[in-house]
Amino acid sequence: MSAKKRCFVLMGFGVKVDYKTNRSLDLDKTYKIIKRAVEAAGVECIRADDIVHSGIIDKPMYENLLAADVAIADLSTSNENAIYELGVRHALKPWTTIVIAEKQFKFPFDLTHLVIRPYEHLGTGIDYDEAERLQKELTNAIVKITSSEAVDSPVYTFLPDLVPPSVQAAATAVAAAVQAAGNATAAQAEANPTFTVLNDAFRAARKSGDFLLAKTYVEKLRESSRNDPYLVQQHALMTYKSRYPNAVDALRAARIILEALKPETSGDPETLGLWGSIHKQLWEETADRAALDEGIAAYERAFYMKRDTYTGINYAFMLDDRARVQSAPDEATADHVLARRVRRQLIGIVDATLKTMPSDKSGNIADICDWYWVEATRVEALMGLGDPQFTAARDALFAAAPESWMKEATQTQLTKLAARLPT
């Protein structure tokens, strides 16, 4: 009986920032679709991060790039590792490689000679119809390319006389080694779960609000990818959300964790948003003026980089907070004026964001929640501006709140804001 064919997936994990389009994409949502498509074609699916090994990560990665019957590379967010691994795969294997990317993907260099299958990512997830379309397209493509030897590598397309490096003998030997490693991995799965298993457990704990457990999982994930920015960010986030052993100590521990990403000079708005949040809460817990100033500086940089509602509304909020404690009246006035200017910009950003969201949100709780938080930013901005539309906008927002806790969280934030605004 022949061994089951194997597909090796080359892509990032977690939420990654696409700096060319200024968007954050949850790549784990894409991987779930890829995995379903691969398995529907009767092929085993393995993600690069799932390789359990005792030596250097390069060796099993190269083994799989050579031996895998199919490789799928997702280049979304211009992931450097995926692009490099795709190049190695094209050098080793003339055929059975599929390349995909989010439709707004910008080529970092000349990739126009490659066939890249586009898909649409909404940031936090992928629309149901689009997920179904992508899954079907990938399944059909896998079935087709595994039944022929049509060249898809540009290396072998432009150098047709090139002979793959001992591809028959080497690939057979490597495939046997990879299969043996896979069997060993299955036997060890409970004691040494794969990256995807741990990542799924982490996301489930985070979603349920068990931040201390989520922190334990992300610490385990960092053992294999110590310096990955997403994991560092999530480690810091879960640490301060756990409030263990208390809120202040958790915040200080999170600050130390996030220092690995050099937030003082970072150009990553996700890192800066977390840095701002940590210092905003340290200010609220300890009344440390240095934390207040640091939080404002972080939110300011993140807002002007990303132009998003989260960093903008917190930036304006903290400016009003600082105005309350300024000893010089002109400095307090300057902070209040700047806060008003930011809020006016935010109303325009909210309008632009809502135009990109699905118009029909009926039955889709994720779309409704996304809409709620964007619209909540408008309500808070209107309140901060003293706009007469505030009351009607607030009442309409609360009436549409999909969950009671969301309404309560917004009420708490508005109460805090009211105490900070100039009389």
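Residues numbered from 1 in each chain as written. Predicted model: local features only at pLDDT ≥ 70, side-chain atom pairs only at ≥ 80, totals over all residues. Heavy atoms only, no water.

(A) Spotlight on the overall build of the protein. For the protein, the count of helices and strands is 17 helices and seven strands. Per-residue burial for the protein yields a buried fraction of 49% across its 423 residues. Taking as baseline every contact in the protein between residues at least 6 positions apart, the subset at least 24 positions apart corresponds to 65%. In the form shown here, the protein has an accessible surface area of approximately 20,600 Å², with 54% of it arising from carbon and sulfur atoms. (Helix = DSSP H or I, 4+ residues; strand = E, 2+ residues; numbered from the N terminus. Buried < 20%, exposed > 50% of the residue type's maximum accessible area, 1.4 Å probe, protein only. Contact = heavy atoms within 4.5 Å. Areas by Shrake-Rupley, 256 points an atom, 1.4 Å probe, with all protein chains shown as cover.)

(B) Representation of the sheet that holds strand 7 (residues 116-119) in the model. The strand order 4-1-5-6-7 describes an open sheet built from five strands, whose pairing is parallel. Lying at the two open borders of the sheet, with one neighbouring strand each, are strand 4 (44-47) and strand 7. Each strand axis lies, on average, 25 degrees off the axis of its neighbour in the sheet, ignoring direction. Here strand 6 (residues 97-102) runs beside strand 7; their pairing, made up of four bridges, is parallel. Within the sheet, the bridge partner assigned to Val99 lies in strand 7 and is Ile116. (Pairing = 2+ DSSP bridges. Axes fitted to C-alpha atoms, helices over the stretch in contact; angles between N-to-C directions.)

(C) Focus on the packing of aromatic side chains. Scanning the entire structure with this criterion turns up eight aromatic pairs. Seen from their ring centres, Phe13 and Phe195 are 4.6 Å apart, and the 65 degrees between their planes marks the pair as edge-to-face. Of this pair, Phe13 sits in the loop between strand 1 (6-10) and strand 2 (15-18) while Phe195 sits in helix 7 (residues 195-208), and the two are 182 residues apart along the sequence. The two residues Phe13 and Phe195 agree in class, both being buried. For the ring pair Trp373 and Trp405, a centre distance of 5.9 Å and an interplane angle of 45 degrees mean the geometry is tilted. Here Trp373 is found in helix 15 (residues 365-385), whereas its partner Trp405 is found in helix 17 (residues 404-420), with 32 residues between them in sequence. With a relative accessible area of 34%, Trp373 lands in the partly exposed category. The ring of Phe13 carries Lys16 above its face, with NZ or CZ at 4.2 Å from the centroid. For the cation-ring pair, Arg47 lies above Tyr31, with the distance from its terminal atom to the ring centre recorded as 4.4 Å. (Phe/Tyr/Trp six-rings, centres within 6.5 Å; stacked < 30°, edge-to-face > 60°. Lys NZ or Arg CZ within 6 Å of the ring centre and 35° of its normal.)

(D) Here's a closer look at helix 8 (residues 211-221). Within helix 8, the full set of buried residues consists of Ala214, Lys215, Val218 and Leu221. The arc that holds every buried residue of helix 8, seen down its axis, measures 115 degrees, which confines them to one face. Here the buried face of helix 8 lies against helix 7 and helix 9 (229-242). (Arc of directions from axis to C-beta.)

(E) Focus on the pattern of salt bridges. Counted under the stated rule, the structure contains 26 salt bridges. In this structure, Arg322 engages Asp293 in a salt bridge whose closest nitrogen and oxygen atoms are separated by 3.2 Å. Placement of the pair is Arg322 in helix 13 (residues 309-325) and Asp293 in helix 12 (residues 289-306), with a sequence separation of 29 residues. Owing to a relative accessible area of 29%, Asp293 belongs among the partly exposed residues under this scheme. Across the pair Arg378 and Glu375 runs a salt bridge whose closest N-O atoms are separated by 2.6 Å. Separated by three residues within a single helix, Arg378 and Glu375 lie in helix 15, roughly one turn from each other. Residue Glu375 is classed as buried on the basis of its relative accessible area, which comes to 12%. Counted as one network, the salt bridges with shared partners bring together Asp26, Asp28, Arg47 and Arg203. (Salt bridge = Lys/Arg side-chain N within 4 Å of Asp/Glu carboxyl O.)

(F) Inspection of helix 9 at higher detail. Between its terminal C-alpha atoms helix 9 stretches 20 Å, which fits the 20 Å expected from 14 residues at 1.5 Å a residue. For helix 9, the buried fraction is high: 12 of the 14 residues fall into the buried class. Where helix 9 is concerned, the buried positions are Tyr230, Leu231, Val232, Gln233, Gln234, His235, Ala236, Leu237, Met238, Thr239, Tyr240 and Ser242. Elements that come into contact with the buried residues of helix 9 comprise strand 2, helix 7, helix 8, helix 10 (247-258) and helix 11 (269-286). (Expected span 1.5 Å × (residues − 1).)

(G) Quick peek at the packing of helix 13 against helix 17. At a minimum axis separation of 9 Å, helix 13 and helix 17 run at an interaxial angle of 40 degrees. When you trace helix 13 past helix 17, the crossing you get is left-handed. Only Gln413, Lys416, Leu417, Ala419 and Arg420 of helix 17 make contact with helix 13, whose side of the interface consists of Phe317, Asp320, Asp321 and Arg324. Across the contact of helix 13 with helix 17, the residue classes tally to three nonpolar, one polar and five charged. (Left-handed = near helix turned anticlockwise from the far one by under 90°. Nonpolar A, V, L, I, M, F, W, Y, C, P; charged D, E, K, R; others polar.)

(H) Representation of the environment of Ala401. For Ala401, the position within the fold is in the loop between helix 16 (390-399) and helix 17. The class of Ala401 is partly exposed, set by a relative accessible area of 21%. Residues Ala401 and Trp373, 28 residues apart in the sequence, show an inter-C-alpha distance of 9.5 Å. Ala401 has contacts with Tyr372 and Lys407, leaving out every residue within four places of it along the chain.

(I) Inspection of the environment of Gln104 at higher detail. Among the secondary structure elements, Gln104 is positioned in the loop between strand 6 and strand 7. By relative accessible area, Gln104 is classed as partly exposed at 34%. In the structure, Gln104 is positioned 84 residues away from Lys20 in sequence and 9.0 Å away in space, judged by C-alpha atoms. Beyond its immediate sequence surroundings of up to four residues, Gln104 is in contact with Thr21 and Arg23.

(J) The arrangement of the pairing of strand 3 (residues 23-26) in detail. On strand 3, burial covers both faces: Arg23 and Leu25 on one face and Ser24 and Asp26 on the other are all buried. Between strand 2 and the antiparallel strand that follows it, strand 3, lie four residues; Asn22 among them carries a positive phi value of about 60 degrees.

(K) Focus on the confidence of the model for the protein. Of all residues in the protein, 89% have pLDDT values of 70 or greater, and the mean over the chain is 88. For the protein, the element scoring lowest by mean pLDDT is helix 6 (residues 167-188), at 49; helix 10 scores highest, at 97. (pLDDT = per-residue confidence, 0-100.)

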